[in-house]
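Observations on chain architecture
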Amino acid sequence: MKKENTRKLKNGVSLGVRRGIAYTVLVLITFLCLFWFYVLLINATRSNGDLKAGFSPFPGVHLYDNWKNLLAGTLPVWTGMINSLMVSTLCAVFSTYFSTMTAYAIHAYEFKMKKFMFTFILMVMAIPTQVTALGFVQLVARMNLEDSFLPLIVPTIAAPVTFFYMKQYMDSTLPLSLIEAARIDGAGEFRVFNIIVVPMMKPAIAVQAIFTFVSSWNNYFVPALILHDEKKKTLPILIAQLRSADFLKFDMGQVYMMIAFSIFPVILVYLFLSRFIVQGVALGSVKG
């Protein structure tokens, strides 16, 4: 009896030590992740002269001045925000919806060359964007689609990474018996997908929507090759132009203000979609 109590006490102590170490590591990682956001917000409140003087952990008094100077410049800040919001939102919607549909087709149907199609999509996933950039730009020029958002939105329909994630999620959460039962009840294929499959895939869709939105929001390479009109440029292009200003016009306070201004939509999207992720984790734990 004493040995058993001693063993339980040791297990309890070791469990408490492991929890303490885990919480310490998590707090440290959280601090390292949030510290840079704090630095960004602090620097957005300081003037160019204050920033050149060195780092300060305390906020400055030039937040409004930086914002006013940013809007008074030649860059169309609000237009860039609207352009980025429209492109990123449509990319997230099209990518997640059609990738889920493709994953559903591979998951639920039996057809010839099914394994080959799955492997081929994974092979496409390994091709870097930079490899196909030249041919893509030439194709866009021949189709007269420069200074258009279509070349940025339409290609996201074919998103191999999103497809692979959706397929893996379906394999673990979407039983084929449920689909067969819906078909027996007389539901059409699109009705089965939109009414049954999509709601079950909400956690995975939310995760990939966040990733796709952030990736499109931060994308500079492809938009810089296609968008030349000032009214069509997205925020990453405008930030790069602001940073590349000549020495006399360069204002680091405006740069930090522009970057801080550009990350708020990303934070809002994450806060809005994170509840679906939490619901999915809770639902999975209940099912398990």
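Let us look at the structure shown here. What you are looking at is a predicted structure, and each value in this text was computed from that prediction instead of being measured.

**Concerning the pattern of salt bridges**
A complete count under the given rule lists 5 salt bridges for this structure. Among the ionic pairs, Arg183 bridges to Glu180, the shortest N-O distance being 3.1 Å. Here Glu180 and Arg183 lie together in helix H9 (residues 176-184), a separation of 3 residues that amounts to about one turn. Residues Lys233 and Glu230 are paired through a salt bridge, measuring 3.0 Å at the closest nitrogen-oxygen approach. Shared partners join several salt bridges into a network, and the residues in it are Glu180, Arg183 and Glu189.

**Describing the packing of helix H8 (residues 160-173) against helix H11 (residues 202-218)**
At their nearest, the axes of H8 and H11 sit 10 Å apart, and the two run at 165° to each other. Relative to H11, the element H8 lies roughly antiparallel. Relative to H11, the crossing made by H8 is right-handed. Contacts between H8 and H11 involve Thr162, Tyr165, Met166 and Tyr169 from the first element and Pro203, Ala204, Ile205, Val207, Gln208 and Thr212 from the second. Tallied by class, the residues present in the contact of H8 with H11 amount to 7 nonpolar, 3 polar and no charged.

**Re the packing of aromatic side chains**
Under the counting rule described, the total for this entry stands at 14 aromatic pairs. Taken together, the aromatic side chains of Phe94, Tyr97, Phe98, Tyr104, Tyr109 and Phe193 make up a single cluster linked through ring pairs. Of note, Lys167 hangs over the ring of Phe118, and the distance from its end group to the ring centre comes to 5.6 Å. Sitting over the face of the ring of Phe149, Lys232 holds its NZ or CZ atom 5.9 Å from the ring centroid.

**Remarks on the nonpolar core**
Core analysis: the biggest nonpolar cluster contains 20 residues, and Leu70, Trp217, Leu235, Leu242 and Met258 have the highest contact counts within it. When contributions to this core are tallied by element, the ones reaching two or more residues are helix H1 (2-44), helix H4 (77-108), H11, helix H13 (235-243) and helix H14 (252-287). Here this core takes 7 residues from H14, the largest share from any one element. Setting aside chain neighbours within four positions, we find Met258 in contact with Leu70, Val77, Leu235, Leu238, Ile239 and Leu242. Grouped together as the second largest cluster of nonpolar side chains are 18 residues, Ile106, Met170, Leu174 and Val192 included.

What counts, and where the lines are drawn
Residues numbered from 1 in each chain as written. Predicted model: local features only at pLDDT ≥ 70, side-chain atom pairs only at ≥ 80, totals over all residues. Heavy atoms only, no water. Salt bridge = Lys/Arg side-chain N within 4 Å of Asp/Glu carboxyl O. Helix = DSSP H or I, 4+ residues; strand = E, 2+ residues; numbered from the N terminus. Axes fitted to C-alpha atoms, helices over the stretch in contact; angles between N-to-C directions. Parallel < 35°, antiparallel > 145°, perpendicular 65-115°, else oblique. Left-handed = near helix turned anticlockwise from the far one by under 90°. Contact = heavy atoms within 4.5 Å. Nonpolar A, V, L, I, M, F, W, Y, C, P; charged D, E, K, R; others polar. Phe/Tyr/Trp six-rings, centres within 6.5 Å; stacked < 30°, edge-to-face > 60°. Lys NZ or Arg CZ within 6 Å of the ring centre and 35° of its normal. Core = buried A, V, L, I, M, F, W, Y, C linked by side-chain atoms within 4.5 Å. Buried < 20%, exposed > 50% of the residue type's maximum accessible area, 1.4 Å probe, protein only.

So far we have only geometry, and geometry alone does not tell us how the molecule works.
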